[in-house]
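Below, each chain spelled out in residue letters.
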Amino acid sequence: MTARIERVVTSGPVEIEGVEHKVENNTWIIGDDDEVIVIDPARDAEKILEKVGDREVLAVICTHGLPDHVGGAIETAARDEAVIAVHPKDKRLWRQTWEETWPDIEMEDEGLFAVAGVELEVLTTPGVTAGGVSLYCEELGAVFTGKTLLADGPGKLGGEYPALADQLTAIGERLFTLAHQTRVLPAHGEECLIGDLEPQFDQWLSGSLAGTGEGEGEAQIETTPLMDGRGAAGIKLNLDE
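Conventions used here
- Residues numbered from 1 in each chain as written.
- Predicted model: local features only at pLDDT ≥ 70, side-chain atom pairs only at ≥ 80, totals over all residues.
- Heavy atoms only, no water.
- Helix = DSSP H or I, 4+ residues; strand = E, 2+ residues; numbered from the N terminus.
- Buried < 20%, exposed > 50% of the residue type's maximum accessible area, 1.4 Å probe, protein only.
- Contact = heavy atoms within 4.5 Å.
- Salt bridge = Lys/Arg side-chain N within 4 Å of Asp/Glu carboxyl O.
- pLDDT = per-residue confidence, 0-100.
- Pairing = 2+ DSSP bridges.
- Core = buried A, V, L, I, M, F, W, Y, C linked by side-chain atoms within 4.5 Å.

## Considering the overall build of the chain
Helix and strand counts for the chain stand at 8 helices and 14 strands. By the burial criterion, 50% of the 241 residues in the chain qualify as buried. For the chain, the proportion of contacts with a sequence separation of at least 24, taken over those separated by at least 6, is 58%.

## Quick word on the pattern of salt bridges
According to the stated counting rule, one finds 8 salt bridges in the structure shown. A salt bridge links Arg4 to Asp33; the nearest nitrogen and oxygen atoms lie 3.0 Å apart. On the criterion of sequence distance, the pair formed by Arg4 in strand 1 (residues 4-16) and Asp33 in the loop between strand 2 (19-31) and strand 3 (35-39) is long-range, its members being 29 residues apart. You can call Asp33 partly exposed: its relative accessible area is 39%. Among the salt bridges present, the one from Arg55 reaches Glu6, with a minimum N-O distance of 2.9 Å. Within this pair, whereas Arg55 is found in the loop between helix 1 (45-52) and strand 4 (56-61), its partner Glu6 is found in strand 1, the two being separated by 49 residues in sequence. Of the two residues, Arg55 and Glu6, both sit in the buried class. Among the ionic contacts, a cluster of salt bridges with common partners joins Arg4, Glu6, Asp33 and Arg55.

## A look at the confidence of the model for the chain
Looking at the chain, the pLDDT average stands at 87 and 84% of residues meet or exceed 70. Counting interchain partners and residues more than four positions distant, the pLDDT-below-50 stretch residues 212-241 has 60 contacts.

## Side note on the pairing of strand 5 (residues 83-86)
The sheet contact formed by strand 4 and strand 5 spans 3 bridges and is parallel. For Ile61, the partnering residue across the bridge sits in strand 5 and is Ala85. As paired strands, strand 5 and strand 6 (residues 105-106) are joined by 2 bridges and run parallel to one another. Along strand 6, the bridge assignment pairs Ala85 with Ile105.

## Some remarks on the nonpolar core
With 22 residues, the main nonpolar core has Ile30, Ile37, Ile39, Ile61, Phe113, Leu120 and Phe144 as its most contacted residues. For this core, the elements supplying multiple residues, two or more each, are strand 2, strand 3, strand 4, strand 7 (112-115), strand 8 (118-124), strand 9 (133-137) and strand 10 (142-146). Beyond its immediate chain neighbours, meaning those up to four positions away, Ile39 contacts Asn26, Thr27, Trp28, Ile30, Ile61, Thr63, Leu120, Leu135 and Phe144.

## Section: the environment of Lys89
Along the chain, Lys89 falls in the loop between strand 5 and helix 4 (91-94). Residues Lys89 and Pro126 lie 37 residues apart in sequence; the distance between their C-alpha atoms is 9.4 Å.

Structure representation (structure tokens):
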């Protein structure tokens, strides 16, 4: 069977500074008619498993450990006793959602996952979280970028960049070295191509992303569902590794 990529969009409330917002999350499914890997199982495991159908879930991979992205991980994995993979630097962030469990696999840079005749290569892309990763599938010409890179630029956490220098380094060295026709499949919003975003990189480096909370990006956050995800109260990013 030929491997393919499918998307499940889930949504739910996130509280930021006492204000509740609706956030939409992408969960990606890659596989064929027999087996799949689920990437970023957000919130609604029932909806995700309905899309999976009777195919076997081999693994659940979390590109980062933020709560709204791992909320469906345990239930999604449990049905087929699939393994759950998280980067070790996000393990304690994972524990803010799943206090009594640890992931089965600690991902490492350039690690590989195989499904339906294709491979997913782990690319460490920290910035929004210390353990953020992207997953590159050369055979399908796609990279799952989590919160690192969205269609409108680098992803944020509650309207801010926790570690912008690290994030831009990861984008430049790990993502913008991919072919321009590579599909960017993020954790929020619509997909785009590497070639759509790469020409903006010099502007980002020169400071066009400064002034968080102002300008067009902030206006979008105020008037539309939060597409850059979560800045929820109670999430601590200065956790011990």
